[in-house]
Amino acid sequence: MNEYEGSCNESILDSGQFAAEHNLDHEEVKNVIKSLQGFRYIKAKELKRETLVLTDDGKKYAVEGSPEIHFFSAKDDLEKKLDPSVYKIGSTQAAKKRWVAMGKQVQHVEDKVKESLLQIQQGLFFGLSHFQELDKESLSSLKTRKLLVAQGWTGYSDIEKGPNYAPKRKIIATDLTRENLHNWKELEFKEYNFNAKGQPLDAGHLHPLLKVSASLSFCPSDQQSFMSELDSQQRNGRKSLTTVQGLKKEYIYSNILKDLKKEFCCNGTLVHD
């Protein structure tokens, strides 16, 4: 919290840019903004866009350098010194960039791939209007080589002072505890959100027999008839026998029995009398 209170910004246009400029974790900045916004210390708009992240190969190249730079650096016995995959990719890319031709090498090259990957990895690239912009050809090349993937990004924009702004955060009560109710005159309570829906209630359970009758798509009168014809008999201390009779001939009894057996995990039989 104290890290952000020292800022003299009247407004912050982009939370991602702010985090990068101050070398902060953007997720932590988002949490602080969300907390301050909940208490109306600040106002902010949610910001969504697509950003780029490094793949596993991209992270590897950012640390070790691109295969083509390895290829260029190896003077003799390239195939013996390099991993087969590195040699294959490196030789192809080096030829495309005209680093090697007719068995001769240029004297000096720059690993632009590593530079671009580091630039993205360090958070210097957020979109077409943020920081140093990579040219479309470089981006396309990195994507084609599967060193970058697009990923959804969320943050905040237009962050300004809210109606309850204060240089330091006040202690505001959020719960109606016994102690808070005794001292309610001295306390300042968080504003209640009457639009909050709360947790869904797990209530209104149906008896298993009602579930079965509902699944059979009875009309209301037939459903009532079904329930009235139930007869349960206790056979012993643990088991009971339930009979259903008087159903209309139009019903497919085998399907009804199948649903009953599935619902109650029991056995059953049809008796034609």
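In this report, we go over the structure that sits alongside the text.

Basis of the calculations
Residues numbered from 1 in each chain as written. Predicted model: local features only at pLDDT ≥ 70, side-chain atom pairs only at ≥ 80, totals over all residues. Heavy atoms only, no water. Core = buried A, V, L, I, M, F, W, Y, C linked by side-chain atoms within 4.5 Å. Buried < 20%, exposed > 50% of the residue type's maximum accessible area, 1.4 Å probe, protein only. Helix = DSSP H or I, 4+ residues; strand = E, 2+ residues; numbered from the N terminus. Contact = heavy atoms within 4.5 Å. Axes fitted to C-alpha atoms, helices over the stretch in contact; angles between N-to-C directions. Parallel < 35°, antiparallel > 145°, perpendicular 65-115°, else oblique. Left-handed = near helix turned anticlockwise from the far one by under 90°. Nonpolar A, V, L, I, M, F, W, Y, C, P; charged D, E, K, R; others polar.

### What about the nonpolar core?
Item 1. Membership of the largest hydrophobic core comes to 15 residues, with the highest contact counts inside it found for Ile 33, Tyr 41, Ile 42 and Ile 159.
Item 2. Going through the elements one at a time, helix H2 (15–21), helix H3 (26–38), strand E2 (42–54) and strand E5 (148–161) are the ones with two or more residues in this core.
Item 3. Counting residues per element, this core draws most heavily on H3, which supplies 4 residues.
Item 4. With residues near it in sequence (within four places) discarded, Ile 42 still touches Ile 33, Leu 36, Gln 37, Ile 159, Glu 160, Lys 161 and Gly 162.
Item 5. Core analysis: the next-biggest nonpolar cluster, separate from the first, contains 12 residues, Leu 54, Val 113, Ile 120 and Leu 147 among them.

### Notes on the packing of helix H4 (residues 56–64) against helix H8 (residues 112–121)
Item 1. The N-to-C vectors of H4 and H8 enclose an angle of 110 degrees; their axes lie 8 Å apart at closest approach. Here H4 is positioned roughly perpendicular relative to H8, judged by the angle of their axes. The way H4 lies across H8 gives a crossing that is left-handed. Residues Gly 58, Lys 59, Tyr 61, Ala 62 and Val 63 of H4 touch H8, and the partners they reach there are Lys 114, Leu 117, Leu 118 and Gln 121.
Item 2. Partitioned by chemical class, the residues of the contact of H4 with H8 number 5 nonpolar, 2 polar and 2 charged.

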